Amino acid sequence: MNLLAEDEKESERQAQLRVQHTTTVTRQMSMPGPRAVDRRCPSLVVVSGSLLGTIFRLEDALTSIGRDVVNTISVNDAGVSRRHAVFERVNDRVLVRDLGSKNGTYVNDDEVRERELSDGNLVYVGHGTYKFLSGDSPEHGYYEDLHDVASKDKLTDIPNRRYFDEALEREIGRVQRHGGSLILLLLDLDHFKSINDTHGHVFGDAVLRQFARILKGRLRVNDFCARYGGEEFAILLTDTGKEEARQLAESVRELCQEHMYSDGSITALVTTSVGGAAWHSDMAGSKAIIEAADIKLYQAKSTGRNKVVL
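Residues numbered from 1 in each chain as written. Predicted model: local features only at pLDDT ≥ 70, side-chain atom pairs only at ≥ 80, totals over all residues. Heavy atoms only, no water.

## Details of the pairing of strand 1 (residues 43-46)
Side chains of strand 1 alternate between two faces, with Ser43 and Val45 and Leu44 and Val46 buried alike. As paired strands, strand 1 and strand 11 (residues 128-133) are joined by four bridges and run antiparallel to one another. What sits directly across from leucine 44, in strand 11, is phenylalanine 132. (Buried < 20%, exposed > 50% of the residue type's maximum accessible area, 1.4 Å probe, protein only. Helix = DSSP H or I, 4+ residues; strand = E, 2+ residues; numbered from the N terminus. Pairing = 2+ DSSP bridges.)

Okay, structure coming up:
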């Protein structure tokens, strides 16, 4: 192939990358738990670093990785170029192609411009290490289980703060690439310290578990809830209008208020306050939408509690 034809082919691939659809990161929109593993889909598993156990399914023809948010896998790593590399599926084969990155792309110990991947290959991009699993790899189940353990809050059996942070970053990237809306709700159980002081921490734990069940029972299939920390919870609503989000938040508040929390002979009524914010393009990353929702939550708490401010 001459150089002109090769350049034209590469330009065509880049155009495909710019219109590529949503991120294909494995995610559980309500709670991690047993599920069918699609062994036909090749995957990349993060095997080192803070995202240990995260699984990226290579479902699309092209999956790009780099620092820029237009990439399917957006990585906040100074060692990664803005458009670093691409994984291309050709029938049952997967090729990794470096896009002229500054620090290179490595498969096992070799720097590569293009390489077909085999099951178990380690791909190094910046400071990240990704293990390639072919569609029929026997290791899929192991890494699915590892991801579940790492992402689940042990007490409430819903996603934990770490997994929430990952999900929020992914959803912000999706909105930036493809448009749509994203609303974050923060929920805080009112007077929870008093509940612990009056009835003990065992009862307090029971309240947290029962409230988590209320959330899971109320949310829609594409909504995401997590335990944000202590007695605080978070909900991500994608492609949802503000009024629809308000109605959902109000229904959760009402369900919490009406539920009789019990454990053994101890019973109590508990309420929750909710603050929410919508993502907009002027926000500087995930911290901005969290702070905006937290301000609304503070308003709900400081003006009488058991209310929604959105």
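## A short note on the sheet that holds strand 2 (residues 55-57)
On the basis of which strands lie adjacent, the open sheet formed by six strands has the order 2-1-11-10-7-8 and antiparallel pairing. Two strands close off the open sheet at either side, each with one partner strand: strand 2 and strand 8 (110-112). Across this sheet, the average inter-strand angle for adjacent strands is 30°, counted without regard to direction. The sheet strands contacting helix 2 (residues 140-151) are strand 1, strand 2 and strand 11, and the helix crosses strand 2 at an angle near 125°. (Axes fitted to C-alpha atoms, helices over the stretch in contact; angles between N-to-C directions. Contact = heavy atoms within 4.5 Å.)

## Quick look at the confidence of the model for the protein chain
Here the protein chain averages 85 in pLDDT, while 86% of its residues score no lower than 70. Per-residue pLDDT stays below 50 along residues 1-8; that stretch engages in three contacts with residues further than four places along the chain or on separate chains. Within the model, pLDDT remains below 50 along residues 13-39, and this stretch shows 83 contacts once partners closer than five positions in the same chain are excluded. (pLDDT = per-residue confidence, 0-100.)

## Topic: the pairing of strand 6 (residues 93-98)
Here strand 6 lies mainly inside the structure; five of its six residues are buried. The pairing of strand 5 (residues 85-90) with strand 6 spans six bridges and is antiparallel. Its bridge partner lying in strand 6, phenylalanine 87 is registered against valine 96. Remark: two residues form the turn of the hairpin made by strand 5 and strand 6, two consecutive strands paired antiparallel; asparagine 91 in that turn has positive phi of roughly 60°. In the sheet, strand 6 pairs with strand 9 (residues 114-116) via three bridges, with the strands oriented antiparallel. Looking at strand 9, one finds that leucine 95 is bridged to glutamate 116.

## Considering the pattern of salt bridges
Under the criterion given, the structure shown has 19 salt bridges. Between lysine 301 and aspartate 188 there is a salt bridge; the shortest N-O distance is 2.6 Å. Linking lysine 301 in helix 7 (residues 286-302) with aspartate 188 in strand 12 (residues 182-189), this pair joins segments that are 113 residues apart in sequence. The salt bridge involving lysine 301 is made with aspartate 190; its shortest N-O contact spans 3.0 Å. Of this pair, lysine 301 sits in helix 7 while aspartate 190 sits in the loop between strand 12 and helix 4 (192-199), placing them 111 residues apart in sequence. Here the salt bridges share partners, and the residues they tie into one network are Glu88, Arg97 and Glu114. (Salt bridge = Lys/Arg side-chain N within 4 Å of Asp/Glu carboxyl O.)

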